[in-house]
Amino acid sequence: MRFTSLVIELIRARPRLVVWIVLLFQAALWLLVPLLFYASPPPIVAITLAFGREYQVGTDLGPPLAFWLADIAYRMAGNHLIGVYVLAQLCSTAALWFLFLLARALVGSQQAVLAVLLTMTVTAFAPTSVEFGPLVLARPLWALLLFHSWQLSGQNRRNVWFAWSIEAGLLLLTTSAGIGLLLLVIGFMAA
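Residues numbered from 1 in each chain as written. Predicted model: local features only at pLDDT ≥ 70, side-chain atom pairs only at ≥ 80, totals over all residues. Heavy atoms only, no water.

Peer 1: Got a sec to walk through the nonpolar core? Specific residues and values, please.
Peer 2: One finds Leu49, Leu81, Val84, Phe132, Leu137, Leu145 and Trp164 to be the most contacted residues of the largest nonpolar core, which totals 29 residues. Sorting the residues of this core by element identifies α2 (15-37), α3 (43-52), α4 (65-76), α5 (82-107), α7 (134-153), α8 (161-174) and α9 (178-190) as the ones contributing at least two each. It is α7 that provides the largest number of residues to this core, a total of six residues. Apart from the residues lying within four places of it in its own chain, the contact partners of leucine 137 are Leu65, Ala66, Leu69, Cys91, Phe132 and Thr174. If you look at the next biggest cluster of nonpolar residues, it comprises 18 residues, including Phe100, Ala143, Leu144 and Phe147. (Core = buried A, V, L, I, M, F, W, Y, C linked by side-chain atoms within 4.5 Å. Buried < 20%, exposed > 50% of the residue type's maximum accessible area, 1.4 Å probe, protein only. Helix = DSSP H or I, 4+ residues; strand = E, 2+ residues; numbered from the N terminus. Contact = heavy atoms within 4.5 Å.)

Here it is as structure tokens:
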């Protein structure tokens, strides 16, 4: 008689459920760790909040969207860092969910779960998922842009152009590397 692990059977039967369980567990873990163990915010978060309070359009640190969102989240949480930590976890969860959608479109649901789990082994134990800044905000935008780029070029779905252009604009407002990333995607789509 052959034995298959319950985890493997759950991945086969309910791949989306497995992804959501793992994503929510990681988000809860990295939401509780800084609240319980950090005496002060990580340096990146402090700098992000300092620049975000001024609402400048351009700074030495690059485009302003991440700084503005950090300040808005901080103020919405009653001037508490939990707002910024929740925003960071929303970005991490969204990035991995969009990775799942892209992998599902490329290789199928069960293999997409494995792609998300393998990616999480790299990012789950890294404190960068708490340090909200331009790079953390760029992750879900980049993953969503890749997903919609695949829909445009691989699946020939032309109704995605509008969403793709909005994501490209948000990526340009998030990081200075956005131009290079967009050139990579456009070069891939042209090839």
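Peer 1: Break down the packing of α8 against α9 for me, with residues and values.
Peer 2: Closest axis-to-axis distance for the α8/α9 pair is 8 Å, and the angle between their directions is 150 degrees. Taken together, the axes of α8 and α9 lie roughly antiparallel to each other. Remark: the crossing between α8 and α9 carries right-handed chirality. Here Trp161, Trp164, Ala168, Leu171 and Leu172 of α8 come into contact with α9, specifically with Gly178, Ile179, Leu181, Leu182, Val185, Ile186 and Met189. Taken together, the residues of the contact of α8 with α9 break down into eleven nonpolar, one polar and no charged. (Axes fitted to C-alpha atoms, helices over the stretch in contact; angles between N-to-C directions. Parallel < 35°, antiparallel > 145°, perpendicular 65-115°, else oblique. Left-handed = near helix turned anticlockwise from the far one by under 90°. Nonpolar A, V, L, I, M, F, W, Y, C, P; charged D, E, K, R; others polar.)

Peer 1: Tell me about the packing of aromatic side chains, and please be specific about residues and values.
Peer 2: Applying the stated criterion across every chain yields a total of four aromatic pairs. Seen from their ring centres, tryptophan 161 and tryptophan 164 are 5.7 Å apart, and the 75 degrees between their planes marks the pair as edge-to-face. Residue tryptophan 161 and its partner tryptophan 164 are located together in helix α8, separated by three residues, close to a single helical turn. Every member of this aromatic cluster is reached through a ring pair, and the members are Trp20, Trp97 and Phe100. (Phe/Tyr/Trp six-rings, centres within 6.5 Å; stacked < 30°, edge-to-face > 60°.)

Peer 1: Lay out the packing of α5 against α7 with the relevant residues and their values.
Peer 2: Running from N to C, α5 and α7 point in directions that differ by 20 degrees, and their axes come no closer than 8 Å. Here α5 is positioned roughly parallel relative to α7, judged by the angle of their axes. The chirality of how α5 crosses α7 is left-handed. Listed contacts from α7 to Ala88, Cys91, Ser92, Ala94, Ala95, Phe98, Leu99, Leu101, Leu102, Ala105 and Leu106 of α5 are Val136, Leu137, Arg139, Pro140, Ala143, Leu144, Leu146, Phe147 and Trp150. Of the residues contributing to the contact of α5 with α7, the split by class is 18 nonpolar, one polar and one charged.

Don't take any of this as a statement about function, it's just geometry.
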